[in-house]
Structure formats: C-alpha cells, structure tokens
Amino acid sequence: RRVLLLGEGNFSFAAALCGARGTHVVATCYESEEEAAGRGGAERSVRRLRDSGAEVVFSVDCTKLKEHFLPGKREFDRVYFNFPHCGRKAGVVKNRQLLGRFFQSCAEVLAQEGEVHVALCNGQGGTPADQPRREWHNSWQIVAVAAAAGFILSDVHPFQAETIHGYKCTGYRSQDKSFCVEGALNHIFTRSTAPPCFTPTSCKTQLGSQKVSFQVPQVLVDKINRGFLDVNSSHPVRTIKEKLSAGLSQAFPLQNISSCLPLLHQGHPNGVCPSNVFWVTLSPGEAPSTEEMSQALPNTVLFSHFGQHTDKNVQEGCPVPKQFYLRPSLLPHAQAIIKNRAFPPGTLQVLSWPVFRKCRITPHSMPVFHEMLVVLAVSRGTEDSCIQMLVDNLKTTMNSLHQDVSGVKLSISLQEATGFGTELNDFAAFERQLGGVQHFLCVGTEPDPSGSCVGVVRTAPDELKSRELVVVSVSLNLDLLAMLLCGISDWRMLWTWDRRFLRQFPEGELRLFKSFSLYPPSYVHDVSFWVPDGEEFDEVAFHTLARRVSGEMVVSIELRDNFQQPGTGRRSLCYRVTFQSCDRALGCREAAEMQLHFREEMQQHLGVTLR
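In the annotation of an unreviewed UniProt entry, the entry for the protein reads phenylalanine--tRNA ligase, and the organism field reads Phainopepla nitens. Its UniProt record, at the heading Catalytic activity (unreviewed entry), says of the protein: "tRNA(Phe) + L-phenylalanine + ATP = L-phenylalanyl-tRNA(Phe) + AMP + diphosphate + H(+)". Under the heading Sequence similarities (unreviewed entry), UniProt records this for the protein: "Belongs to the class-II aminoacyl-tRNA synthetase family."

Okay, here's the thing in structure tokens:
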C-alpha cells in the first residue's frame, strides 16, 4: 500500500506511520530540506523514515502533485494532508481555494479505490460533525470543494493526536509552534462515480402479438431493465420480496407469476390523471392496427380499475386509440390473469415487477418502483378474516426482518381508506386514483411511528362473476419497504450505480445501510416565471422536467410565492429548487449549469415566461 503524506512539518506523523507492515510511505513537505531542518525534531524523524525505507521529498506543492512524481509512481492508495493552511493569517477563502486545488491535484495521483484523509481543526470543515458548527460561509466548506474535484466524504472521525506515538503538531502561523487540535476531525474522501451520461435509449417489448420499440423517457433511461428482481440479484428489494413470499407460503398455497408482463398499456387510464403516467410513442410504422389489437386483447393490457370493466371503447367495438404509456400498476395484469387462466380459490397469486409513475419530487416519491401484488380468491363473507390473515402474516415477516436489521420493532397498522386525507404520500394517492382501496398498510419507525403508506388492500366482489367468491388483493411498494427496513433515507440510493451500495447487502441478507456519501453539499436556486394566460400550471410536469434536466439531482422543489398582477390578472410563480446528490459528487458549478439548463427547458416545454 502506497501512502503519500503532504504538508509534513516536523515529519513526526510520517515517522509514526513508517513502521506499518505492508505500507510504503512517501513523506513530503512544502519547504526545502534546509528550511524543514529548523523544525524541532524534524531531522530525527527524517532519519528514521529513511532508515525504514520510506521516501522523503522536499519542496512539494500539494496543488501540483502530478509534477513531482513519475507516471509509474503516481497511484497512491492513501493521501494524508493534516491541518492544511496557506500560512500566516490567511482567511477562510484562501484556505478554501487551497483545498480546492489540492483535491483537483489529488485526482491525478490517487488510485481508483484510494482514500484522501484531511485533518482539520474543530469547526473548519463546516459539516454537522463539527461541534460547535460554524456558519457555512465562515467555514472551509470541505465537502463542496472536494465535490468540485469528484470526491465524496465517506467517513469522518476524531483526529486523536494522543494515540499517534511521537506525533507533535507544528506550524502555527508558519512558525515552529504547536496549535490546538482538541476536537479536530479526520475527513476521509473517496472518488465519486462518474456523472451519468443519458444517451437516448430505445426499448423493445411485446405488444399483443407484435414486437415493438419505443423511446424510453429520458428520466427513466438509467432505471429501465435494471434487473433488481432477477434470480441472481442481491438487491434489497428482491430480498424483501423473497422473504415476504416465503412468509406468505407458510399460511397459504402460493404461486409466483414469473411470466414477463407487458411493459406498455394502451388507451387512456381510467380515473388516473394523464399527467401522472409516462406516455410513449412507438417507433414509426410499428403501431399495431385496430384489428390486430382487438384480436390480441387477451394478451394486451388496457388499463381499468381493478374489479371494473375494461375500456368502454373496446366493449362497444369502437376503434382503440393508439396511445401508449408505461405500466403504472400491476392491477390490470392481475385482472387479465383472473380472466384468462385457472384461478383456484385459496391460492395466492404473486406478481412482482417495476411500475412507472410521474410524481412530485420528495425523498420518498419515486417515478419507478417495484410493486408486489398479492391476489387471492376467497369465499364470500370470509374476505375480512382473510385480509386480516394476510396482513398479520406480512406484519410478522416485516417485524422479523426489521428486528434482524436494527433490533427495533416496527409500528405497522392497517388503516381505513376513508380516514386518510391530504396526508397521503404519492404512492397512496395514486393507488386511490385507481379505485377500490379499502385499507392502507402503514409502516413506521422511530422517530415517526405514525408511519408511511407502503401498501393498499382491495376487494373486488364482481371480478370473478361468482356469487360464492370474492377477489382480495394487497399491493406493496417494495422500494419504500426497503428504505424503512434498511434505514435508507433517499429513494435514489436504491438506484445508484455505485457498487458500494450492493456490497452492503450480501445475497439474501438485509442490513442497516451506512451511507458512503456523508453531508453532501446542497445548492439552492430560485426560479420565477409567468404562467400562460388561462392555463392551469402542471406541477407534476414541472417536477418531471426538473428530474430529467438534473438527472435526479434535484432533491426538493418548494413554492415560495404565488403572485397575481393587479389589473392584468397574470399569475407569477416562484419556486425554490434545491440540488443535491445522495451518492456522487455534485459541485457548485455543475449545479449552476443544471439550473440554467432547467430555465431554458422550462420555456421550451412548459410555455412559461421567465422573470
């Protein structure tokens, strides 16, 4: 392991490290050898370093590291920079700039899996780990300057000088004087994954009896066909799905529907706001004819409420409108299964696939998630007791999983749909649009035991056209469950390309997630515009555009002002847009460029006039 130490004063820190087994130390300082020799104990430390086989290099500029090392000797596994400072009475701005240039230089000499360790005095870093914490503008803003060079803060812990044998800090205001290191912190940075490249993507799928292709909505390009539920996947959503299925199979005969479900729906979604679905256009010349679609109806999904009749146009033999959108729910597929195959009473039918919904931006609102749908035919009059059996079984499994992960019991409740109002999350609100919801399944953890809706329960009395049987279904959002069970605060982390996420979840195991990107910097921008006269502003389209332009780097959008101009009646809206990544480096300049691009796209696609 090659270790580079920068800005050594008296080389006492390097001397303490040089005896470590399997470590080759390269110790450097900014001063010349003659200047460094004037520091107390420096000569003794340098002699010890050289005797142990370490390299000692003088006059090294931490902002130009590439110039000091030959190409074959540039890959360091660790870089240490303890208490960097411009010298004398340099203020926070100059030291911030020094750190920025240092991180840029580090990127050229650090191994791909390497770490950068930066020790700062208490309060300098500007992160919540500092106690007390300085105001942001008065700190060195270390996470933000590191992000500009492609680094994320992966760990932070106290710098315990007393545990480093022989270490003596020096260099107070460029003098051979010590300084206070009480409360100092060691910040450990790692490389971020590269920014995503969203190239237009075409997707092939089965539509009726025909193979068709369509352009994937850009906001979903990195989320289509990720295979999280595949047999060889160790993703927590698959683990949860398998554990829930195993639990249910202890109480009911169970059949997993593994056949590939249609990705596209046709027509208009009944009861669902059109702005909440992802509309797509088939590649030229690929749209099936009306006759083909009518013949293929048993294999093609036309959206309808669970337990209600299919599209009225189809029933009356009218032409089927050639509009297509990505499946927002598995309910229609369950309906098709009930109608077109044997459906033995008392046997659970389980479907699990990704579904796609446009929604507003919040930490728990996701444009794609994995739905697990459980469908059961039961004798009429026993549906309430069967629902209770189903829910109790799910509760037992969820509690067992959560206790294994965190040792804490979940708060799980089944609440009447009529008792829910404006506090519905986006998942529950969309499910209510689909209709037929009787209960919401809510799961809570400390400090919010009241819980978030992760599932809905429905009954469909007329689905089987039977006087004896009733269809009961439970729809679960596996992604929300994974967040709650594993302590994941941001849904975007479930879709990260960073391998450090899945490394925390060996196959078949759930663990409490530890973020590898701590205290990510956020950047706030306001945007104000006039709404087109006589038009209702589509907030979901506004949020979806922000997702697309930023590549899911917008973490929140808040309405700040709604102004109507006297006399003309023109309406102006002002929103506060906050950019923040949960898993990769996002610098100030990149966020500003996203904001400018967002403003341009708003004018083009939403028809607003910027102020």
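Here the narrative resumes.
A. Looking closely at unusual backbone geometry. Residues Q131 and P132 are joined by a peptide bond in cis, for which omega reads -5°. Residues other than glycine seldom take positive phi values, yet S59 does so here, at roughly 55°. Structurally, S59 can be placed in the loop between β3 (55-57) and β4 (76-82). What makes S59 partly exposed here is its relative accessible area of 41%.

B. Quick look at the pattern of salt bridges. One pass over the full model with this rule turns up 18 salt bridges. For E590, the salt bridge identified is with R584, shortest N-O distance 2.8 Å. You can call R584 buried: its relative accessible area is 7%.

C. Focus on the nonpolar core. Counting 100 residues, the largest nonpolar core has F214, L244, L264, L326, L390, M398 and F440 as its most contacted members. The element best represented in this core is strand β15 (residues 368-379), accounting for nine residues. Setting aside anything within four residues of it in sequence, one finds L390 in contact with L248, F252, L348, V374, L376, V472 and V474. In this structure, C106, V116, A149 and F189 belong to the second largest nonpolar core, which totals 30 residues.

D. The side chain of D479, seen in detail. If you trace the backbone, D479 turns up in helix α12 (residues 478-486). A polar contact of 2.6 Å, which involves the side chain of D479, links it to the backbone nitrogen of H370.

E. Spotlight on the packing of helix α6 (residues 236-249) against helix α10 (residues 383-406). Contact geometry of α6 with α10 gives a least axis separation of 9 Å together with a crossing angle of 135°. In this view, α6 runs oblique relative to α10, as classed from their interaxial angle. The crossing of α6 and α10 is right-handed. In contact with K243, L244, G247 and L248 of α6, α10 contributes L390, N393, L394, T397, M398 and L401.

F. Inspection of helix α14 (residues 539-550) at higher detail. Taking 1.5 Å per residue as the helical rise, α14 with its 12 residues ought to reach 16 Å, and the 17 Å between its terminal C-alpha atoms agrees with that figure. For α14, the tally of buried residues reaches nine of 12 residues, placing the bulk of the element in the interior. Listing the buried residues of α14 in full gives V540, F542, H543, T544, L545, A546, R547, V549 and S550. Among the structural elements, β20 (523-530), β21 (554-564), β22 (571-579) and α15 (588-606) are those in contact with the buried residues of α14.

G. A look at the packing of aromatic side chains. All chains considered together, the criterion is met by 25 aromatic pairs. Centroid distance F159 to Y167: 5.8 Å. Interplanar angle 75°. Geometry classified as edge-to-face. Among the residues examined, Y167 registers a relative accessible area of 17% and is labelled buried. A ring pair is formed by F542 and Y575, whose centres lie 4.6 Å apart and whose planes are at 45°; its orientation type is tilted. Here F542, found in helix α14, pairs with Y575, found in strand β22; they are 33 residues apart in sequence, far enough to count as distant. By the burial criterion, F542 is buried, and Y575 matches it. Three or more aromatic residues joined by ring pairs make a cluster, and in this case those are F13, Y80, F83, F159 and Y167. Across from the ring centre of W497, 3.7 Å away, lies the NZ or CZ of R226, which sits over that ring.

H. Layout of the environment of G41. Among the structural elements, G41 can be located in the loop between α2 (33-37) and α3 (42-51). G41 sits 127 residues away from K168 along the chain, and the two C-alpha atoms are 9.2 Å apart.

I. How the structure looks around the sheet that holds strand β7 (residues 185-191). Spatially, the seven strands line up as an open sheet ordered β3-β2-β1-β4-β5-β7-β6, and their pairing is mixed. Each edge of the open sheet is held by one strand with a lone partner, namely β3 and β6 (151-158). Neighbour to neighbour, the strand axes of the sheet diverge by 20° on average, direction disregarded. Relative to strand β2 (residues 24-28), strand β1 (residues 2-6) is paired through four bridges, and the arrangement is parallel. Paired with L5 across the strands is A27, a residue of β2. Strands in contact with helix α4 (residues 92-106) are β1, β4, β5 (110-120), β6 and β7; relative to β5, the strand with the most contacts, it is inclined by about 160°.

J. Molecular detail of the packing of α14 against α15. At a minimum axis separation of 10 Å, α14 and α15 run at an interaxial angle of 135°. The angle between α14 and α15 places the two elements in the oblique class. The chirality of how α14 crosses α15 is right-handed. Two secondary-structure elements touch here, α14 through A541, F542, L545, A546, R548, V549 and S550 and α15 through M594, H597, F598, E601, M602, H605 and L606.

K. Spotlight on α15. Between the first and last C-alpha of α15 there are 26 Å, a value that for 19 residues agrees with the 27 Å anticipated at 1.5 Å per step. Where α15 is concerned, the buried positions are A591, M594, Q595, F598, E601, M602 and L606. All buried residues of α15 project into a common sector of 135° when viewed along the axis, lining one side. Counted as exposed and oriented over 90 degrees from the buried face of α15: R589, L596 and Q604. Where α15 is buried, its residues touch β20, α14, β22 and β23 (609-610). In the segment just after α15, G607 is the residue with positive phi, at about 70°.

L. Inspection of the sheet that holds strand β13 (residues 324-326) at higher detail. The three strands lie next to each other as β11-β13-β12, forming an open sheet whose pairing is antiparallel. Looking at the sheet topology across the chains shown, the edges are occupied by β11 (264-266) and β12 (279-280). Bridge count for β11 against β13 is three bridges, and the pairing is antiparallel. Residue Q266 lies in a different strand from β13, and its bridge partner there is F324.

M. Representation of the side chain of R458. Of note, R458 is situated in strand β18 (residues 448-460). Since its relative accessible area comes to 1%, R458 is described here as buried. A polar side-chain atom of R458 sits 2.8 Å from the main-chain carbonyl oxygen of G435.

About the criteria used
Residues numbered from 1 in each chain as written. Predicted model: local features only at pLDDT ≥ 70, side-chain atom pairs only at ≥ 80, totals over all residues. Heavy atoms only, no water. UniProt positions renumbered as here; feature names shortened; annotations may be inferred. Helix = DSSP H or I, 4+ residues; strand = E, 2+ residues; numbered from the N terminus. Buried < 20%, exposed > 50% of the residue type's maximum accessible area, 1.4 Å probe, protein only. Salt bridge = Lys/Arg side-chain N within 4 Å of Asp/Glu carboxyl O. Core = buried A, V, L, I, M, F, W, Y, C linked by side-chain atoms within 4.5 Å. Contact = heavy atoms within 4.5 Å. Polar contact = N/O pair within 3.5 Å; in protein donor to acceptor, adjacent residues only side chain to side chain. Axes fitted to C-alpha atoms, helices over the stretch in contact; angles between N-to-C directions. Parallel < 35°, antiparallel > 145°, perpendicular 65-115°, else oblique. Left-handed = near helix turned anticlockwise from the far one by under 90°. Expected span 1.5 Å × (residues − 1). Phe/Tyr/Trp six-rings, centres within 6.5 Å; stacked < 30°, edge-to-face > 60°. Lys NZ or Arg CZ within 6 Å of the ring centre and 35° of its normal. Pairing = 2+ DSSP bridges. Arc of directions from axis to C-beta.

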